[in-house]
Amino acid sequence: EQLVSTLESFRPTKVLVEIPYGRDSMSNSLYRRYVAGSHTLDRTEMQQLGFRIAKGAGLPRIYGIDYDLDVNLASVMVWALTHGQPELAGAAQSLTSRLLTEADSMMKHATVAEIIAALNSPRADSAQGIYLAALRVGADTSYPGATVAARWYERNLKITSNILRVIDAPSDRVLVLIGAAHGPILRE
């Protein structure tokens, strides 16, 4: 509730969430039921934050802006392990383990607002480096790392396109609620 109050102070005219673009009718049906008092919020950020903020702002709907695209980073690590590049897979695994340990600790000891602030910090943005590190995985004419990194950028560029499609006027105040891993590219 404190985080919702803080985000409401932005006075958004549109709330955008990580559900597929153009396929938000079911979510908006739930949102309308929530506004009418006949739906109890689930634990997702879309409902806990998105629905509450949109309702507080008196908005008629929320907007989905995601673009589903398989970005299988694990396949790059498997490729590295099976093609003589175990040090690259090990480095990625080490970074992933460290990030998960930090996230687990925060989930146990921090407030929701502190977690959101940490996930939107420059330090958290450094996790984006795992996609750039993947660029080293490959050999000869095989580019599994570059392919996955390109797909990650493609997904985020299409999400950005969807965000721009929702903006109708320069006066729109758009609040985007999306996984923190998307942050570095979307901010760029």
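Quick summary incoming for the structure in this document. (Residues numbered from 1 in each chain as written. Predicted model: local features only at pLDDT ≥ 70, side-chain atom pairs only at ≥ 80, totals over all residues. Heavy atoms only, no water.)

Pairing in this open sheet of three strands is parallel, and the strands run β2-β1-β3 from one edge to the other. Both edges of this open sheet fall to β2 (63-66) and β3 (174-177), since each of them pairs with a single strand only. Each adjacent strand pair in this sheet contributes to an overall mean axis angle of 40°, direction not counted. Strands β1 (14-20) and β3 of the sheet are contacted by helix α3 (residues 45-56), whose axis makes an angle of about 155° with β1. Here helix α9 (residues 144-166) sits on the sheet in contact with β1, β2 and β3, set at roughly 155° to β2. (Pairing = 2+ DSSP bridges. Helix = DSSP H or I, 4+ residues; strand = E, 2+ residues; numbered from the N terminus. Axes fitted to C-alpha atoms, helices over the stretch in contact; angles between N-to-C directions. Contact = heavy atoms within 4.5 Å.)

Turning our eyes to something else, we now look at the pairing of β1. Each regular strand carries side chains that alternate between the two faces of the sheet. Most of β1 is tucked away: five of the seven residues are buried. Here β1 pairs with β3 via four bridges, running parallel. Of the residues in β3, the one forming a bridge with valine 17 is leucine 177. (Buried < 20%, exposed > 50% of the residue type's maximum accessible area, 1.4 Å probe, protein only.)

Structurally, serine 27 can be placed in helix α2 (residues 25-36). A relative accessible area of 10% places serine 27 in the buried class. Setting aside residues up to four positions removed in sequence, serine 27 forms contacts with Ile19, Met46, Phe51 and Ile62.

Over the atoms rolls a probe the size of a water molecule, and in doing so it shows where empty space is left. Reported here for the largest pocket is a volume of approximately 1,700 Å³. In terms of lining, the largest pocket is formed by 49 residues, of which the most central are Ile115, Ile116, Leu119, Asn120 and Ala180. Among the elements that line the lining of the largest pocket, the one with the most residues is helix α5 (residues 86-109), at seven residues. Of the residues contributing to the lining of the largest pocket, the split by class is 30 nonpolar, ten polar and nine charged. Roughly 170 Å³ of internal volume is contained in the second largest pocket. What lines the second largest pocket is a set of 14 residues, and nearest its centre among them are Leu88, Ala91, Ala92, Ala133 and Ala134. Among the secondary structure elements, those contributing two or more residues to the lining of the second largest pocket are α4 (73-82), α5 and α8 (129-133). Among the elements that line the lining of the second largest pocket, the one with the most residues is α5, at five residues. Looking at the lining of the second largest pocket, its residues break down into twelve nonpolar, one polar and one charged. (1 Å grid on protein atoms, 1.4 Å probe; cavity = no way out; pocket = protein on both sides within 12 Å on 5 of 7 lines; lining within 4 Å. Points joined across faces, edges and corners; volume = space filled by probe spheres on them. Nonpolar A, V, L, I, M, F, W, Y, C, P; charged D, E, K, R; others polar.)

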